[in-house]
Amino acid sequence: MKKFILLLLVMLVLWGCSGKSEGPTVEPEPVSPTADPPTDTTGPRVVPDDIIEWLNGDWHIVTADPETNGSVSLSFDAATKTVKISRIDNEYIVAELEAFDSFDDPQISNDALRFKFKEASAFYIDTFGTAEYVYQSDMQYVTGYFEDRDFLFLRELGNGFSVIDSEAMGDFDKMAGDYGWVFVRENTGNTFPTMSENEDLKIKDETFFAYCWGRGDTYLLQKVNVIEQEEEWYEGLVYNTYRIVPAEGEYKYTAFLYDGEKLPEDPRPSLVKVSVSNGAIHDLREYAYVGYGAYTAD
């Protein structure tokens, strides 16, 4: 897959609580997403094996900048297995979706989505043509939820950007951290966990790996497991790496709020190892993303 080259090689581990051809000009009809699937509002939610079914509905990008926050939307249609990626200026790309494994390991299954070009507005076609390889993108995803919000993180797995990444998603300007984009689906009808459930059920005394969805005065943390191993990279360079896999148990897609009752204002996701005591964070270590779904474990 031919793409513009982007080097994702970061070696710093952070400590503390503070990584053409011309085409037709006729604009196709937009895709209308079907209704969201029913939601269990009384307990832990489960992401089904068919991730596209769970993603069904409308999502909006979340950034720390008011100028870009909400400027990209994703409308997933589970019935057709497509997504419409729309910018605030109404330019759009419709892509077909295919789930696949990002890494050859029994613990990893359908943790990535292939975005394959189907149609686009005149701007994209006039500028970039209709060659599929120019648009195609392989994206690793992480998903979780807290109360009335579902969270989706998408990150290009390759060594470069396609039109979907750089033009539709918004390149670096709209990344929330960890070399990817955060989207939120709001008003899901979900009430779990309430603040009282959050306090009762979150991990109180333990050191564990987590996916950090947001930070600031408070932290929104979702427990995860990791695969730790040695991997050979460019020109024989070997890294000790971590790869994220879902945690065990009924709360594996639940994010819990730490150190307060207000959601964090900085949507900056990353893999962290956190130590909590009496329900409060006393140490948090952040791991740098190096590329292709892997974090440095050193």
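For every chain, the first residue of its written sequence is number 1, and the numbers climb from 1 along that sequence. With the structure being a predicted model, the display of local features is reserved for residues of pLDDT at least 70 and the display and counting of side-chain atom pairs for 80 or more, all residues being used for whole-chain, interface and lining totals. Only hydrogens and water are removed before side-chain values are computed, so all heavy atoms of the structure are retained for them.

Chemist: Explanation requested: the side chain of Glu-231 in the structure shown.
Modeler: Strands here are runs of E lasting at least two residues and helices are runs of H or I lasting at least four, both read from the DSSP assignment and numbered beginning at the N terminus. By secondary structure assignment, the location of Glu-231 is in strand β13 (residues 219-232). At 3.2 Å, the side chain of Glu-231 and the side chain of Gln-229 are in polar contact. We define a polar contact as two N or O atoms separated by no more than 3.5 Å, with the added condition that, inside protein, one atom must be a possible hydrogen donor and the other a possible acceptor, whereas residues neighbouring each other in sequence contribute only through side-chain atom pairs. Separated by 2.7 Å, the side chains of Glu-231 and Thr-241 make a polar contact. Residues count as neighbours in contact if any of their non-hydrogen atoms are within 4.5 Å of one another. Contacts of Glu-231, omitting those with residues within four sequence positions, involve Phe-103, Leu-237, Val-238, Tyr-239, Thr-241, Arg-243 and Ala-294.

Chemist: Where do I start with unusual backbone geometry in this structure?
Modeler: As a rule of thumb, non-glycine residues mostly have phi less than zero, and peptide bonds are mostly trans rather than cis. The omega angle of the peptide bond from Phe-192 to Pro-193 is -5°, so this bond is cis rather than trans. Topologically, Pro-193 is positioned in the loop between β11 (181-186) and α5 (195-201). Even without being a glycine, Asp-178 presents a positive backbone phi close to 60°. Mapping Asp-178 onto the fold places it in the loop between α4 (163-169) and β11.

Chemist: Help me understand the pairing of strand β9 (residues 149-156), please; the structure alone is not making it clear to me.
Modeler: The side chains of a regular strand alternate, residue by residue, between the two faces of the sheet. Buried means the residue's accessible area, taken with a 1.4 Å probe over protein chains only, is under 20% of the maximum for its type, while exposed means over 50%, and partly exposed covers the values in between. Along β9, seven of the eight residues are buried, which leaves the element largely enclosed by surrounding structure. What makes two strands pair is DSSP finding at least two bridges between them. In this structure, strand β8 (residues 137-146) lies alongside β9, joined through eight bridges in antiparallel fashion. In the strand pairing of β9, Tyr-141 is matched with Leu-154. Counting the residues that bridge the hairpin from β8 to β9 gives two residues, and of these Glu-147 lies at a positive phi of roughly 50°. The sheet contact formed by β9 and β11 spans six bridges and is antiparallel. Across the sheet, residue Leu-154 finds its bridge partner in β11, namely Trp-181.

Chemist: What should I look at first to understand the confidence of the model for the protein chain in this one?
Modeler: Reading fine detail from the predicted coordinates is not recommended where pLDDT is low. pLDDT: the predictor's confidence for each residue, scored from 0 to 100. Here the protein chain shows a mean pLDDT of 85. Residues at 70 or above account for 86%. Contacts of residues 1-35 to residues separated by more than four positions or lying in other chains number 94 contacts, the stretch itself having pLDDT below 50.

Chemist: Even after reading the chapter, I still don't get the pairing of strand β7 (residues 112-120), so can you show me in this structure?
Modeler: Direction of pairing for strand β6 (residues 92-100) relative to β7: antiparallel, over a ladder of eight bridges. Paired with Ala-95 across the bridge in β7 is Phe-117. By the bridge criterion, four bridges tie β7 to β8 in an arrangement that is antiparallel. In the sheet register, Arg-114 faces β8, and the bridge partner there is Asp-138.

Chemist: How should I be thinking about the sheet that holds β7 in this particular structure?
Modeler: Within a sheet, adjacent strands bond to each other through the backbone by hydrogen bonds, running parallel or antiparallel. Spatially, the eight strands close up into a barrel ordered β3-β4-β5-β6-β7-β8-β9-β11, and their pairing is antiparallel. Averaged over all adjacent pairs, the angle separating strand axes in this sheet is 35°, with direction ignored. Taken together, the six bridges between strand β4 (residues 72-77) and strand β5 (residues 82-87) define a ladder with antiparallel strand orientation. Bridged to Phe-76 within β5 is Val-83. Lines fitted to C-alpha atoms define the axes here, with helix axes fitted over just the stretch in contact, and angles between the N-to-C directions of these axes take values from 0 to 180 degrees.

Chemist: I keep staring at the packing of aromatic side chains and nothing clicks. Help me out?
Modeler: Aromatic ring pairs are described here by two measures, namely the spacing of the ring centres and the angle between the planes. Between 30 and 60 degrees the pair is tilted, below 30 it is stacked and above 60 it is edge-to-face, where a pair is any two Phe, Tyr or Trp rings, Trp via its six-membered ring, whose centres lie within 6.5 Å. Taken as a whole, this structure holds 17 aromatic pairs when the rule is applied. Centroid distance Trp-54 to Trp-59: 5.9 Å. Interplanar angle 50°. Geometry classified as tilted. Within the aromatic cluster, the residues linked to one another by ring pairs are Phe-151, Phe-153, Tyr-211 and Trp-213. Only when the NZ atom of a Lys or the CZ atom of an Arg is both within 6 Å of the ring centre and within 35 degrees of the ring normal do we say a charge sits over the ring. The ring of Tyr-145 is capped by Arg-45, whose NZ or CZ atom sits 5.6 Å from the centre of that ring. Lying across the ring of Phe-103, Arg-243 places its NZ or CZ 4.0 Å from the centre.

Chemist: How do you make sense of the environment of Gly-189 when you look at a structure like this?
Modeler: Looking at where Gly-189 falls in the secondary structure, it is placed in the loop between β11 and α5. By relative accessible area, which is 37% here, Gly-189 ends up partly exposed. On a C-alpha basis, the gap between Gly-189 and Arg-149 in space is 8.8 Å, while along the polypeptide they are 40 residues apart.

Chemist: Please clarify how the nonpolar core should be interpreted in this entry.
Modeler: Here, the term nonpolar core denotes a set of buried Ala, Val, Leu, Ile, Met, Phe, Trp, Tyr and Cys residues that are joined through side-chain atoms within 4.5 Å. Formed by 38 residues in total, the largest nonpolar core has its most connected members in Leu-74, Ile-93, Phe-115, Leu-152, Leu-154, Ile-164 and Phe-183. With 22 residues, the next largest nonpolar core counts Val-224, Leu-271, Tyr-287 and Tyr-295 among its residues.

Chemist: I tried to follow the environment of Asn-90 on my own but got confused; where do I start?
Modeler: For Asn-90, the position within the fold is in the loop between β5 and β6. Separated by 18 residues in sequence, Asn-90 and Val-72 place their C-alpha atoms 9.5 Å apart.

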